Amino acid sequence: MTRGKFITLEGVDGAGKSSHVDWLAGRLRARGITLVVTREPGGTPLGEKLRDILLADSMHLETETLLMFAARREHLDKLIVPALERGDWVLSDRFSDASFAYQGGGRGLDFARIRVLEAWVQQDLQPDLTLFFDLSVELARQRLSNTSMPPDRFEKEGAPFFERVRKAYQTRAIESGGRIRPIDSSRSMDEIRQELELIIATI
Ligand code: TMP
């Protein structure tokens, strides 16, 4: 049995990644791939409860980081690893690069601490491919302000926070040895999808 592929989507809030999830899932399924679509924080009943808390309640930065990884531990155990072992593919809207970008870059938690949790929770499991939707913070904030949903605890952060998050994603992309593929999200939906099509054809 061939192990499935693990693909994640990342980017600052408002960069547009979520609008491509269903389309990407459709393109992969059209290739005959059995796919599980999920998200973080969340993806399991307990993870979704932790998501509600994480997006609403203020808490110590380390509590926030530990809860992100607690939800991830559950997600890996109940959903991601079993799916990959069955040979299914997994498409997750965010994974641990978000902890490095938001808790590390955005909030300033020492990256070494995050690496400890990453090693503990994931061992050596990493996504096969990460699509990083990259957009200027100014445009991302404009897009966010056009949605009707009230902002969550992260979306309420100011521009300097999101600049740090973006920078952390960009740095990780450079250091990732090709795993993290930056996607210029300032382009039209069609142009972005053409590029996504080319990228997913290679994995
Ligand atoms: P979403 O809006 O993309 O669903 O993600 C929810 C928020 O959670 C988003 O603002 C980023 C944040 N987040 C972290 O801060 N750290 C993490 O590890 C994850 C997975 C998400």
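Quick caveat: nothing in here was measured; it's all calculated off a predicted structure.

### A look at the site of the ligand
- Every one of the 14 residues lining the ligand counts as a neighbour, but Lys17, Arg51, Arg94, Ser99 and Gln103 are closest to it.
- Note that an oxygen atom of the ligand is positioned 2.7 Å from one of the side-chain N or O atoms of Arg51.
- Contact distances for the ligand include 2.8 Å between a nitrogen atom and a side-chain N or O atom of Gln103.
- Protein chains shield 95% of the accessible area of the ligand, which is 480 Å² for the free molecule.
- Counting only elements with at least two residues in the shell around the ligand, the list comes to helix H2 (45–56), helix H3 (61–86) and helix H4 (96–106).
- Among the elements that make up the shell around the ligand, the one with the highest residue count is H4 (four residues).
- Partitioned by chemical class, the residues of the shell around the ligand number six nonpolar, two polar and six charged.

### A few points about the sheet that holds strand E4 (residues 129–134)
- If you walk across this open sheet you meet the five strands as E2-E3-E1-E4-E5, and the pairing is parallel. Among the strands making up the open sheet, the edge pair consists of strand E2 (35–39) and strand E5 (180–184). Between one strand axis and the next, the sheet turns through 20° on average, direction left out of account.
- Two elements, strand E1 (residues 6–11) and strand E3 (residues 89–93), share four bridges in a ladder whose sense is parallel. Among the inter-strand pairings, Phe6 is bridged to a residue of E3, identified as Val90.
- Seen against the sheet, helix H7 (residues 159–175) touches E1, E4 and E5 and runs at an angle of roughly 140° to E4.

### Quick notes on the environment of Gly178
- Tracing the chain through its elements places Gly178 in the loop between H7 and E5.
- The sequence separation of Gly178 and Leu109 amounts to 69 residues, and the corresponding C-alpha distance is 25 Å.

### Examining unusual backbone geometry
- Each neighbour pair has its own omega, and for Glu40 with Pro41 the value is -15°, a cis peptide bond.
- The residue Pro41 is located in the loop between E2 and H2 in this model.
- The residue Arg94 is not glycine, and still its phi comes out positive at about 85°.
- On the secondary structure map, Arg94 appears in the loop between E3 and H4.

Cut-offs applied
Residues numbered from 1 in each chain as written. Predicted model: local features only at pLDDT ≥ 70, side-chain atom pairs only at ≥ 80, totals over all residues. Heavy atoms only, no water. Near = heavy atom within 4 Å. Polar contact = N/O pair within 3.5 Å; in protein donor to acceptor, adjacent residues only side chain to side chain. Areas by Shrake-Rupley, 256 points an atom, 1.4 Å probe, with all protein chains shown as cover. Helix = DSSP H or I, 4+ residues; strand = E, 2+ residues; numbered from the N terminus. Nonpolar A, V, L, I, M, F, W, Y, C, P; charged D, E, K, R; others polar. Pairing = 2+ DSSP bridges. Axes fitted to C-alpha atoms, helices over the stretch in contact; angles between N-to-C directions. Contact = heavy atoms within 4.5 Å.

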